[in-house]
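Read off the chains here:
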Amino acid sequence: MNENSKALKSGVWYTISNFLLKSIGFLTTPIFTRLISQADFGDFNNFSSWLQILIVFVSLNLESTLVSAKFDYKNRFDNYITSVLALSILSATIWLIVLNVFFFKLFDILSMRRFHLNCMLIYLLTYPGLRFFQIRERCFYRYKATVLTNILLSIGTAVLSVFLVVCMSDKLTGRIIGYVAPAIFMGTIVYAFFFIHERKIDLSCWKYAIHICIPYIPHLLSLHILNSMDRIMIRQICGAEDTALYSLAYMCGSIITILLVSMNEAFSPWLGDKLYRKEYGVIRIFSKKYILLFFCLAYGAILAAPEILLILGGESYLEAKYVMPPVAMGCMCQFVYTMFVNIEQINKKTIGMAIASVSAALINYGLNAIFIPKYGFIAAAYTTLAGFIWLLLSHMFIVYKMKMSKVYDYAFIGIVMLVSLGFSILANGLYRKNGLRHIVLGVYIISLIFVAIYFKKLIKKVIAIILKKEPSKET
């Protein structure tokens, strides 16, 4: 099997398994929205929002260095991983102590109990081990262990969460324990694997990792703030019930985000290899198909948003359907700018990333402070979209200044984004005319079927690679 086929096979399987893992919260949402109150549902999303913010400080985002370290530490990659994991443990331990010492001063900001905070911190202490293992396997296009760990984590999280919510009187605590416990267990096992396999800790690896990560932290922190600050501010301004409505609609949009993250984590190692060999033409051609595939899938989620909300939360959550178009459009912007971020990250140009993300977060915070008190939780979706548009334009400019704009087709991206914006505006109007929307949704599904038929030879070839079969002569 040649390298491209190996990368394709690994990428497809990784995307499927990672999508299963990331979507487990989405798939179990219909159960939790019926088992717990809207207030508890809102508070769990507050917990999730703070988790996404604190993970940047606690983990230092050290995993982001592995793609470049694969080339810079070719002969001792496992030693690099073990050394950097030791730094991750040290950071998490310090944060565990500090946040517990100052817990009462931070309570009004965090809006969560000490036990829930400690569940989060222990999760952040152990989960990086599992992430490092999965990225290590992905860097060499080995997918089986990643698929297995993702499946086990997905099933374990779903089953334990539902079981504890049903059995415990404190539904919120049951939901949180069920979410963190499987990852804590598996992360601990992986830590043991790495430190038994490679015991030496090289402090020079810390210098290498910190040099890359420190400028990257403001970027990632600002990105998580951009994704999470709206829910935190809605919780503080409008209350837990409105947070629940917004969070469920945001979760519908997160179907697209989950797909984005899954596809990008499969795409980035391939991109790193092609950039290393300066095969810019190959990237440019593939990126167009890559963008069109993602956007076509995202359009379907936008059209079906009311049905998704009805399934996930019931009629009491339908009010949030108007949040979906701007959230989905923001996810599309995020997908495209992530492709540019990959280039910046692989080339270790992280300062520009930090400036772009910090400015986007400040824009988002300022707009939230103005519009949420006036127009309620729906306004937060549009303020977040404004932040993502700013990020997309900023990262396109950064890559242009790096003289790497030849990697992607800027004109093509601009046209696709404008079409998507028009589609999102159209979809918002279609929510008021269900009959017409169902017709459009039907046309969309039929169109996908015809496209699949038209590209059946390519699809058969991909399936043959995935299943380790030789393609038939007609392919």
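Residues numbered from 1 in each chain as written. Predicted model: local features only at pLDDT ≥ 70, side-chain atom pairs only at ≥ 80, totals over all residues. Heavy atoms only, no water.

## A word on the overall build of the protein chain
Okay, step 1: Counting secondary structure elements, the protein chain contains 19 helices and zero strands.
Okay, step 2: Across the 475 residues in the protein chain, those meeting the buried criterion constitute 57%.
Okay, step 3: At a minimum sequence separation of 6, the contacts of the protein chain that also span at least 24 residues come to 83%.
Okay, step 4: Per element, the accessible surface of the protein chain, about 20,900 Å² overall, is 71% carbon and sulfur. (Helix = DSSP H or I, 4+ residues; strand = E, 2+ residues; numbered from the N terminus. Buried < 20%, exposed > 50% of the residue type's maximum accessible area, 1.4 Å probe, protein only. Contact = heavy atoms within 4.5 Å. Areas by Shrake-Rupley, 256 points an atom, 1.4 Å probe, with all protein chains shown as cover.)

## Some words on the packing of aromatic side chains
Okay, step 1: Throughout the structure, instances matching the rule amount to 22 aromatic pairs.
Okay, step 2: With a centroid separation of 6.4 Å and an interplanar angle of 65°, the aromatic rings of Phe-133 and Phe-194 are classed as edge-to-face. Placement of the pair is Phe-133 in helix 7 (residues 114-139) and Phe-194 in helix 9 (residues 171-197), with a sequence separation of 61 residues.
Okay, step 3: By relative accessible area, which is 13% here, Phe-133 ends up buried.
Okay, step 4: A relative accessible area of 0% means that Phe-194 is categorised as buried.
Okay, step 5: Ring centres 6.3 Å apart and planes at 25° place the aromatic pair Tyr-337 and Phe-388 in the stacked group. (Phe/Tyr/Trp six-rings, centres within 6.5 Å; stacked < 30°, edge-to-face > 60°.)

## So, the environment of Gly-178
Okay, step 1: Relative to the helices and strands, Gly-178 is located in helix 9.
Okay, step 2: Between the C-alpha atoms of Gly-178 and Phe-163, which are 15 residues apart in sequence, the distance is 8.2 Å.
Okay, step 3: Discounting chain neighbours no more than four positions away, the residues touching Gly-178 are Thr-157, Leu-160, Ser-161 and Leu-164.

## Structural notes on the environment of Ala-249
Okay, step 1: Looking at the element boundaries, Ala-249 is found in helix 11 (residues 240-276).
Okay, step 2: For Ala-249, a relative accessible area of 1% puts it in the buried group.
Okay, step 3: Distance in space between the C-alpha atoms of Ala-249 and Ile-378 is 9.8 Å, their sequence separation being 129 residues.
Okay, step 4: In this view, Ala-249 contacts Leu-309, Ala-320, Val-323 and Met-324; residues no more than four positions away in its chain are not counted.

## Thoughts on helix 3 (residues 38-59)
Okay, step 1: Helix length check: helix 3, at 22 residues, gives a terminal C-alpha distance of 31 Å against a target of 32 Å (1.5 Å per residue), a fit within 8%.
Okay, step 2: Most of helix 3 is tucked away: 16 of the 22 residues are buried. (Expected span 1.5 Å × (residues − 1).)

## A short note on a nonpolar patch on the surface
Okay, step 1: A cluster of nonpolar side chains, namely Leu-90, Ile-94, Ile-97, Val-98, Val-101 and Phe-102, defines an oily patch on the protein surface of about 530 Å² accessible area.
Okay, step 2: By the element assignment, Ile-94 lies in helix 5 (residues 77-101).
Okay, step 3: For Ile-94, a relative accessible area of 46% translates into the label partly exposed. (Patch = residues over 30% accessible without salt bridge, like charges linked within 9 Å, V, L, I, M, F, W, Y side chains within 5 Å. Salt bridge = Lys/Arg side-chain N within 4 Å of Asp/Glu carboxyl O.)

## Description of the pattern of salt bridges
Side chains carrying opposite charge are able to pair once their charged atoms draw close together.
Okay, step 1: Applying the stated criterion across every chain yields a total of eight salt bridges.
Okay, step 2: Between Lys-274 and Glu-279 there is a salt bridge; the shortest N-O distance is 3.1 Å.
Okay, step 3: Owing to a relative accessible area of 5%, Lys-274 belongs among the buried residues under this scheme.
Okay, step 4: Salt bridges sharing partners connect three or more residues here, namely Arg-284, Lys-288 and Asp-409.

## So, helix 8 (residues 144-167)
Since the α-helix advances by 3.6 residues per turn, residues separated by three or four positions end up pointing in the same direction.
Okay, step 1: End to end, helix 8 covers 34 Å across 24 residues, agreeing with the expected 34 Å (1.5 Å per residue, within 8%).
Okay, step 2: Restricting attention to buried positions, one finds in helix 8 the residues Thr-146, Val-147, Thr-149, Asn-150, Leu-153, Ser-154, Thr-157, Ala-158, Ser-161, Leu-164 and Val-165.

## Let's talk about the state of the cysteines
Okay, step 1: Following the criterion strictly, the structure yields zero disulfides and no others.
Okay, step 2: Here Cys-333 stays free of any disulfide, with the sulfur of Cys-331 as its closest cysteine sulfur at 9.3 Å.
Okay, step 3: Look at Cys-333 and you get buried, because its relative accessible area is 1%. (Disulfide = S-S within 2.5 Å.)

## Overview of the confidence of the model for the protein chain
Okay, step 1: Mean pLDDT over the protein chain stands at 81; residues scoring 70 or higher make up 86%.
Okay, step 2: Taking the mean pLDDT of every element in the protein chain, the minimum, 57, falls on helix 19 (residues 456-466) and the maximum, 92, on helix 5. (pLDDT = per-residue confidence, 0-100.)

## Digging into the packing of helix 15 (residues 351-375) against helix 16 (residues 378-401)
Two quantities define a packed helix pair, namely the angle between the axes and the distance from one axis to the other.
Okay, step 1: For the pair helix 15 and helix 16, interaxial distance at closest approach is 8 Å and the crossing angle is 160°. By the criterion of interaxial angle, the relationship of helix 15 to helix 16 is roughly antiparallel. Crossing geometry of helix 15 relative to helix 16 is assigned as right-handed.
Okay, step 2: Residue composition of the contact of helix 15 with helix 16, by class: 14 nonpolar, ten polar and no charged. (Axes fitted to C-alpha atoms, helices over the stretch in contact; angles between N-to-C directions. Parallel < 35°, antiparallel > 145°, perpendicular 65-115°, else oblique. Left-handed = near helix turned anticlockwise from the far one by under 90°. Nonpolar A, V, L, I, M, F, W, Y, C, P; charged D, E, K, R; others polar.)

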